[in-house]
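Architecture at a glance
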Amino acid sequence: MSRKPRTEEPKTKNPKALAGALLLPRVIEEKMLSLIRQGRISKWFSGYGQEAIAVGCAWALRDSDYALPMHRNLGLWTTRGVPLERLFCQLMGKESGFTRGRDRTFHFGLPERRIVGMISHMGAMLPVACGLGLSAKLRGDDFVALALTGEGGTREGDFHEALSLASVWNLPVIFVVENNGYALSTPAGEELPVEDVADAAAGYGMPGQVVDGNDVLAVIDAASSAAIRARNGNGPTLLEMKTFRMRGHEEASGTEYVPDELFDEWGEKDPIDRFKRDVIEQNVMSENEWQQLRADLADEIDDMAEWALDQPEVGSTPEAERADLFAPAFSEHEPPGDAASEKRFIDAVSDGLRQKMEHDESVVVMGQDIAEYGGVFKVTEGFAEEFGTERVRNMPIIESGAIGAALGLAVEGRKPVVEMQYADFIACGFNQIVNNLSTTHYRWDQPVNVTIRAPFGGGIGAGPFHSQSREAWFAHVPGLKVVAPYAPRDAKGLLLTAIEEPNPVLFFEHKKLYRSLRGDAARRRAGGRLPHAVRRSARGPRGRGRHRRNVWRGRGLGAGRGRATKRTRRERRGD
């Protein structure tokens, strides 16, 4: 059964419709808990008792707004009208689920419902919301991005980087902290040095608010107010929703570490029971109407779950799995011929970047000191004056936040180019690259048009933190394309192509070559593509342990490989 997403205005509260939205995830929870007790499913991450947050946030948003949920936010998916057939197949790990049986949780997104899929690493999706918000600001759209995390996730660096970036850029983002008292078994008192996470908002120049997360009406009011503030151009808000996790982190972990009195205390605050009392006391619904609604939903969900359990099991092949790692590669069009042009390596890089920005307004360049200063190597010198600081953006020192924001921009159809000041600093964004960028297309078929430029290598006497060669780290990661051009012609052509490539590309530029190597960089000979034909596949002994390692080396299209390689070697020797 496919449910239509809500289309009424965010502040509208239709109590009967809201009762159905609040009951639906609870009824699904009860069915899944029954199935796990029967041994018919093996794993379940429960949001039992926390439904008001997911449902209330989804209810407060417009359908055009983005939501970035976590694995306990089932109510957000159901309130957004996600088709229940495929949702149950997803939860059962079936072939026809959204991830084709690759997992049974919410590690995927649905662009048609404006939902962006999470990864398990806490806090990682908050910078992605910043990228979505930046896209809204650049286009003049009035959508907002709402991202959820747990109180444990607020100790991650991405939380601080995202809040800092959203505030500095005045982005239409709502950060929701779902404080349920425990990170697996560690109580909040051992995680947090303060009682209220919302107090942190002042340090980032944004309002913060503590909300009763078990009162769905309070959640709707707080999220609606934050959305209105964001749409009016007043920037981000931090909302801390106080709630409690009534089940284990996942069912197998149990709840023995939780004092019994906490269950008694929070059981009295159950969000379903509270809303039921409200609508009955206000004569909006009778007890019989409520019970009938619940029974109807239970029958529907029971039938749906049993149907999903009978669906085909997962079947795949290594070839099919590899095929889903990448979006279809960009096919290089034949560029018009230019007159011969000898340039330094660094000028070829700069020219390629400038050329893309001149012809494609979706290209946004971000990095530390890249605007007025032009970057430490001056690749973007003059870009801020030519293209404006909206598209040439200085970043705070937040490598992880910058890469996460780039992913958000890419989801919105932008072509972000992120400059690492030095490739050595890419380690600070490692998680976003290897666990978020690289897996996104594999998880939910989302193209990821993100280019990361990284000056690397030695030969300039810069020591161990500014001269490392880290490209090999990423050559082992499925879903990434790695480029290391070795001539001005290839640097320009491959950069032009990388920016068009609908997959994450790490573009390593050797600093020693920047001003020491000159060569022909005419556009007619600066074509470049990242073809599967030159993929290097690392294999174990006798073909065992195959792992695709996509290392794309600079090879121009204009000349044969052998001639291009020999000529470049002569250039480097000075012959």
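Here, the structure is the one placed above.
Not measured: the values here are computed from a predicted model. (Residues numbered from 1 in each chain as written. Predicted model: local features only at pLDDT ≥ 70, side-chain atom pairs only at ≥ 80, totals over all residues. Heavy atoms only, no water.)

Next up on the list: the sheet that holds strand β6 (residues 208-212). What links the strands of a sheet is backbone hydrogen bonding, and the strands pair in either a parallel or an antiparallel sense. Read from one edge of the open sheet, five strands run β1-β2-β3-β7-β6, paired in parallel fashion. Two strands lie at the open edges of the sheet, namely β1 (66-68) and β6, each paired on one side alone. On average, each strand axis in the sheet is inclined to that of its neighbour by 20 degrees, with strand direction left out of account. Relative to strand β7 (residues 237-242), strand β3 (residues 173-179) runs parallel, the two sharing six bridges. (Pairing = 2+ DSSP bridges. Helix = DSSP H or I, 4+ residues; strand = E, 2+ residues; numbered from the N terminus. Axes fitted to C-alpha atoms, helices over the stretch in contact; angles between N-to-C directions.)

A few words on helix α2 (residues 51-60). α2 sits mainly inside the fold: 10 of its 10 residues count as buried. Taken together, the buried positions of α2 are occupied by Glu 51, Ala 52, Ile 53, Ala 54, Val 55, Gly 56, Cys 57, Ala 58, Trp 59 and Ala 60. (Buried < 20%, exposed > 50% of the residue type's maximum accessible area, 1.4 Å probe, protein only.)

This paragraph deals with the environment of Asp 141. For Asp 141, the position within the fold is in the loop between α5 (126-139) and β2 (145-150). A sequence separation of 90 residues divides Asp 141 from Arg 231, and the C-alpha atoms of the two residues are 8.8 Å apart.

This part is about the packing of aromatic side chains. Applying the stated criterion to the full structure yields 19 aromatic pairs. An angle of 70 degrees between the planes, with centres 5.7 Å apart, marks the rings of Tyr 422 and Phe 425 as edge-to-face. You can call Tyr 422 buried: its relative accessible area is 16%. For Phe 425, a relative accessible area of 22% gives the class partly exposed. Arranged with centres 5.7 Å apart and planes meeting at 85 degrees, the rings of Phe 430 and Trp 473 form a pair that is edge-to-face. (Phe/Tyr/Trp six-rings, centres within 6.5 Å; stacked < 30°, edge-to-face > 60°.)

The next thing to look at is the nonpolar core. Grouped burial of nonpolar side chains is what soluble globular proteins tend to show. Among the nonpolar cores identified, the biggest contains 132 residues, and Leu 68, Phe 175 and Ile 433 are the most heavily contacted of them. The element best represented in this core is helix α1 (residues 15-37), accounting for 12 residues. Met 357, Ala 384, Leu 494 and Tyr 514 belong to the second largest nonpolar core, which has 28 residues in total. (Core = buried A, V, L, I, M, F, W, Y, C linked by side-chain atoms within 4.5 Å.)

To continue, consider unusual backbone geometry. Even without being a glycine, Arg 100 presents a positive backbone phi close to 55 degrees. Take Arg 100: its relative accessible area is 28%, and that puts it in the partly exposed class.

Looking now at the pairing of strand β14 (residues 505-510). Of all the six residues making up β14, five are buried; the element is thus mostly covered by neighbouring parts of the structure. Direction of pairing for strand β12 (residues 451-456) relative to β14: parallel, over a ladder of six bridges. Residue pairing for β14: Phe 456 is matched across the bridge by His 510. Running through helix α18 (residues 488-500), the crossover from strand β13 (residues 481-484) to the neighbouring parallel element β14 is right-handed. (Right-handed = clockwise from strand over helix to strand, strands pointing away.)

With that settled, the discussion passes to the environment of Pro 312. Tracing the backbone through its elements, the reader meets Pro 312 in the loop between α11 (287-309) and α12 (318-323). Sequence spacing of Pro 312 and Cys 89 is 223 residues, and the spatial spacing of their C-alpha atoms is 9.5 Å. If sequence neighbours within four positions are ignored, Pro 312 has contacts with Lys 94 and Glu 95. (Contact = heavy atoms within 4.5 Å.)

Once that is clear, we can look at the pattern of salt bridges. In the structure shown here, the tally under the stated rule is 36 salt bridges. Residue Lys 94 pairs with Glu 313 through a salt bridge whose shortest N-O separation is 2.6 Å. Of the two residues, Lys 94 sits in the loop between α4 (84-91) and α5 while Glu 313 sits in the loop between α11 and α12, which places them 219 residues apart along the sequence. Lys 269 is the partner of Glu 265 in a salt bridge, and the nearest nitrogen-oxygen pair spans 3.5 Å. A residue is classified by how much of its surface remains accessible, and Glu 265, at 38% relative accessible area, is partly exposed. A single salt-bridge network, built from bridges that share partners, covers Arg 100, Arg 102, Glu 321, Asp 324 and Asp 445. (Salt bridge = Lys/Arg side-chain N within 4 Å of Asp/Glu carboxyl O.)

Keep in mind these numbers describe shape, not what the thing actually does.
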